[in-house]
Amino acid sequence: MTAPATIGAFGALREQLTEAAAAFADGPDALADILTGLVDDVDRALGERLEIFPVCHHSPASALAMVRRLREKQPRVIYLELCEDLQPVLTELRNCRLPVAVQAFASELDGFPAAWAPLSVIAPVTEASAEYQAIAYALETPGVELVLVDRSTDHVFQWTPRDETPAADESTPEPTGDDSEGQAALHGDAVGVEIGALRPGFAELEAYLLHHGKVRHWSEWWASYVERPLATADHDTYRQVMVLIGSLFRRLRPSAAQRNDRDEDRERYMWTRIRQHLAATGVDPEECLYVCGAFHAASRVEQFGLDSCAPDFDITPRTATKWQYGLIPSSHSAIEAQFGLAPGSVSIAAAAWSKAVSASGLKPYRLSGQRGANIRRGRVKAVTGAAGPVADRLSGFLATAPTPDGLDEAELRGWCVDIVRLARRNGYLASTADAIAVFETSILLAGLRNRARPTPYDFADAAVTCIEKDVVPGRRDVRRLCEILLGGDRVGQVGYDSLPPLARDVLHRLQPLGLDLEKRTVQRALLDLHRDPELTGCSDLLWMLRHLLPPGAVRPIMGERRLGHRSVQESWDLALGRHQRALIELGYEGVTIEQVLEQRLRRAAHGPDATAVSALTAVEDAITLLNSPRLVDELGTRAVELLAAERTVDDAPEVLRRIRRLLAHHQATTSTLPAWCAAFVTTGYAHYCTLLPTAVVDEDTGVRQVGAMLGFLFSMESLALSLGCDRSQLELALAQSHPQAPPKVALLWAAHHQLGLLSLAELRTRCRELLTNPLVVPAFPQYLSGFVHALEPVPGLAPFVVETMSTAFAQLPDPVLLPWLPNLVTTLRAHGPELVPLLVREAARTFPGTLAALDSWVPPWAGTAATVTPTVPERPIGQVHALLAGHREPVDAVAALLGVTGDWQGGDDGTPGLTAAALVRAYPETAEAVATVLGLPNRDGGPT
């Protein structure tokens, strides 16, 4: 880079800055280098043969200057700072309502870390931006060529360090405001590519500017001190000021900054592409226009300019990653959140653009087909000659204060009235007095900030001061109401013709619902599949969309779909228009929803983090959503492989729950069990037998996991044995298991009981010994937890668990029982919430149903108690007793069912003997109850 000359158009300004640096810094060293360097950068950029047009993104001043320059020069070629591979998508902007974002998306990576997937790059476009005016001019004017010269989206991630997240280049703060309705997340995690990004490199400079400018945010400073003065400036003044600002921020950035190196590589890339295009087409540089950010206009790389002798930048080839391109809806709040702008700044810029266009009488360029477009087609005219010599406009601009705007009372009064009206609609107790207070406070704040005319930011601060209360009555606070009033959060929409094939196919297949799904409102769809069977296809599609899209896009209100069940009537809340971005990104993965769902299920089963549970989940989804036996067999086989490869049993409860459900479904719907199901059972039987001895002694393996393992082994045992497994595997595994933790010890006892190695009497004895040992009593709840989990593999132990708990409550003294109860409750709640209902049902079946019967109730596990025969008066043997003695066969059958043995005792006449008579006399209620059932007369001879 050659040393700048000390003479020329900016010689006088350079000398003034050098003298100022010497006066303020006691020497013309560092400060003088910075100040004179700014002038050198301006001189260099404006002296280039190819006209450089510096811009700031979403800047109304830049857009106005762009419209003026395009109508004046009518260039034949426009070089635009935007990813070069996005160019084919720009023509689709005709079918959209701005703002939208141009997107490049890749889900299958080749050459990038797998953890980065999916990759996404977006470039938002608004009407109040200079680049949109350039795009509209180039696409609507015959004979004009638009050339994107920035690095490709593939190079965006190639140049990202491998130890850095892809989105680390841009700040993505959370959106503010309670009613953002998710619009700030329209761009998702995409890397933002902003044309003309312009922010100071040093936080100290930004803080200094905000403090002395008496503003709260950089967007407000820019609007007050750059936008307003440049909105009416001529072309030369605009260019010189923008390059000066870009050079200032560039020189304040540390030279060793990693992002600085990437920005310089971008500049080398763009100048290389420009020179290549000029050499290939032979276009006169005087008929071209280079649109880039002000930061890049002040570039100091060796490839800068058409006359540079430096070799072209070495552009590496792209990776094998397959990129998909399209448009996604954007919004003002999404742009603000993506690039760290103040909330409401983009809306205010859009309002300022509309007002400036009306005041200046300019005719902005718009693409045909857009709503409200009124196209003025221009014709390319030859440039008569080179531009004249560069004149110094900076000196006058920097030395002269801008002409203050007068107070527009009508505009401010309208704002004040409208904000009070909005506040009242949203629950605030605002009145005309508040409107007057906002009016006066806005003027006061503007005066305190050295502004003759209140800006929208002054008005918003005044409204918050005068109207906002301690509590926000609704969803929107006053600052959000000001944003709505001054422009609102405009949300763009991608037109039907610009949607990918998948999105268009979805909208076409849902047409029988009779809803306009492109609207952003939530719409209710009612499906009666019994009356309208043709809606079955819509129902299937909606269930697939629910699986693939965010929760709010497709939400079922009534109806469900699970294995073996499909609802006859369904009700849905649909908001596909509000979640258009997610639907569009599905189109990057396939042509139809079924194809995307099949790919997602395969990815879940074959991914690096896939487990047996994820594979079984994919199998279940394939059955309920796709009904594809081929895919089910493939995913089921993969589940067998993953189960055999697992070295832990953390997912054993979920594996058991899902395989039980799948086995029940196949056994109910098919005549033969699928091969993968049989393989899963046999593999799981051998797998869990192998891991059982290690799991019971591993401290990291919980009792729930061990209980699920035993549940799999015992519940699948009969099927596994029929498929060729050997029961000796389970017996050896239990013999080698020696747990130390009390819950696992109880589980092992239950397993031994299930195998017949431990009788119920021995279990009672062991529990009795635990309760009588004072050292073990504090840990007894843990044993109970183990028994509760044993209900999974041994559900027949439910009566024993109820008996054990009842015995503990009956025998333990209060000083031991009361501290023990909280531990018992927390243990059962933490380790067996799904098994405790079994105990509750068993307890309800065991204990008496009334409080009066509890006093005389004898627990069934207490054995046969000695009964005292009550003394009752002698009663004659009635017809019931004679009936029982005369028809002994039913009584013998009942006795056989109950396991009672013995012979009848009685006289020769067939009447019961003394023992039977005494029994009947002791318990007359039983005989009378039988007589009532049979409809026989009572002992007095009357009817019952």
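One can find the structure itself at the top, above this paragraph.
Values in this document were obtained by computation on a predicted structure and should not be read as measured data.

Caption draft 1: Representation of the overall build of the protein. In terms of regular secondary structure, the protein is built from 39 helices and 13 strands. By residue count, 49% of the 944 residues in the protein fall in the buried class. For the protein, the proportion of contacts with a sequence separation of at least 24, taken over those separated by at least 6, is 76%. Just so you have it, the protein exposes about 44,700 Å², and 55% of that area is on carbon and sulfur atoms.

Caption draft 2: View of empty space enclosed by the protein. In this structure the tally under the stated criterion is four cavities of 30 Å³ or more. Within this model, the largest cavity holds a volume of roughly 50 Å³. Taken together, Leu499, Leu507, Leu517, Glu518, Leu576, Gly577, Gln580 and Leu583 make up the full set of residues lining the largest cavity. Taken together, the residues of the lining of the largest cavity sort by class into five nonpolar, two polar and one charged.

Caption draft 3: Quick peek at the packing of aromatic side chains. Scanning all chains against the criterion turns up 18 aromatic pairs. Consider the rings of Phe53 and Tyr238, whose centres lie 5.4 Å apart with planes at 35 degrees: the pair is tilted. With a gap of 185 residues between them, Phe53 in strand β1 (residues 51-55) and Tyr238 in helix α8 (residues 235-252) connect regions that are remote in the sequence. This pair shows no difference in class: Phe53 is buried, exactly as Tyr238 is. Consider the rings of Trp543 and Trp572, whose centres lie 4.7 Å apart with planes at 75 degrees: the pair is edge-to-face. Within this pair, whereas Trp543 is found in helix α19 (residues 536-548), its partner Trp572 is found in strand β13 (residues 569-574), the two being separated by 29 residues in sequence. For the pair shown, Trp543 and Trp572 are each scored as buried. Among the aromatic residues, those joined into a ring-pair cluster are Phe112, Trp116, Phe157 and Trp323.

Caption draft 4: Examining the environment of Arg71 more closely. Considering the arrangement of structural elements, one finds Arg71 in helix α3 (residues 60-73). Remark: the alpha-carbon pair of Arg71 and Pro364, spanning 293 residues in sequence, is separated by 9.5 Å. At a separation of 2.3 Å, a polar atom in the side chain of Arg71 contacts the main-chain carbonyl oxygen of Lys363. A polar contact of 3.1 Å, which involves the side chain of Arg71, links it to the side chain of Tyr365.

Caption draft 5: Quick look at the nonpolar core. Core analysis: the biggest nonpolar cluster contains 189 residues, and Leu510, Leu545 and Phe680 have the highest contact counts within it. Setting aside its immediate chain neighbours within four residues, Phe680 contacts Leu616, Ala639, Val640, Leu643, Val655, Ile659 and Phe712. Counting 25 residues, the second-largest nonpolar core is a separate cluster that includes Val243, Leu278, Cys288 and Cys292.

Caption draft 6: Region of the structure containing the sheet that holds β1. Strands sit in the order β1-β7-β2-β5 across an open sheet of four strands; the sheet is parallel. Since the sheet does not close on itself, it has two edges, and those belong to β1 and β5 (145-150), each with one partner. Pairwise comparison of adjacent strand axes, ignoring direction, gives a mean angle of 30 degrees for this sheet. Here α3 sits on the sheet and contacts β1, β2 (77-83) and β7 (288-293); the angle it forms with β1, its principal contact strand, is near 155 degrees.

Caption draft 7: Structural context of the pairing of strand β3 (residues 100-106). When you tally the buried positions in β3, you get seven out of seven residues, the bulk of the element. The two faces of β3 match: Val100, Val102, Ala104 and Ala106 on one face and Ala101, Gln103 and Phe105 on the other face are all buried. Pairing of β3 with strand β4 (residues 119-125) involves seven bridges; the strand directions are antiparallel. Of the residues in β4, the one forming a bridge with Phe105 is Ser120. Of the pairings in the sheet, the one linking β3 to strand β8 (residues 324-329) comprises six bridges and is antiparallel in character.

Caption draft 8: Summary view of the environment of Gln303. In this fold, Gln303 is placed in the loop between α10 (294-297) and β8. A residue is classified by how much of its surface remains accessible, and Gln303, at 5% relative accessible area, is buried. Excluding anything up to four places from it in sequence, Gln303 contacts Arg268, Trp271, Arg275, Ser308, Ala310, Pro311 and Phe313. Polar contacts involving the side chain of Gln303 include one to the side chain of Arg268, which spans 3.4 Å.

Reading guide: rules and limits
- Residues numbered from 1 in each chain as written.
- Predicted model: local features only at pLDDT ≥ 70, side-chain atom pairs only at ≥ 80, totals over all residues.
- Heavy atoms only, no water.
- Helix = DSSP H or I, 4+ residues; strand = E, 2+ residues; numbered from the N terminus.
- Buried < 20%, exposed > 50% of the residue type's maximum accessible area, 1.4 Å probe, protein only.
- Contact = heavy atoms within 4.5 Å.
- Areas by Shrake-Rupley, 256 points an atom, 1.4 Å probe, with all protein chains shown as cover.
- 1 Å grid on protein atoms, 1.4 Å probe; cavity = no way out; pocket = protein on both sides within 12 Å on 5 of 7 lines; lining within 4 Å.
- Points joined across faces, edges and corners; volume = space filled by probe spheres on them.
- Nonpolar A, V, L, I, M, F, W, Y, C, P; charged D, E, K, R; others polar.
- Phe/Tyr/Trp six-rings, centres within 6.5 Å; stacked < 30°, edge-to-face > 60°.
- Polar contact = N/O pair within 3.5 Å; in protein donor to acceptor, adjacent residues only side chain to side chain.
- Core = buried A, V, L, I, M, F, W, Y, C linked by side-chain atoms within 4.5 Å.
- Pairing = 2+ DSSP bridges.
- Axes fitted to C-alpha atoms, helices over the stretch in contact; angles between N-to-C directions.

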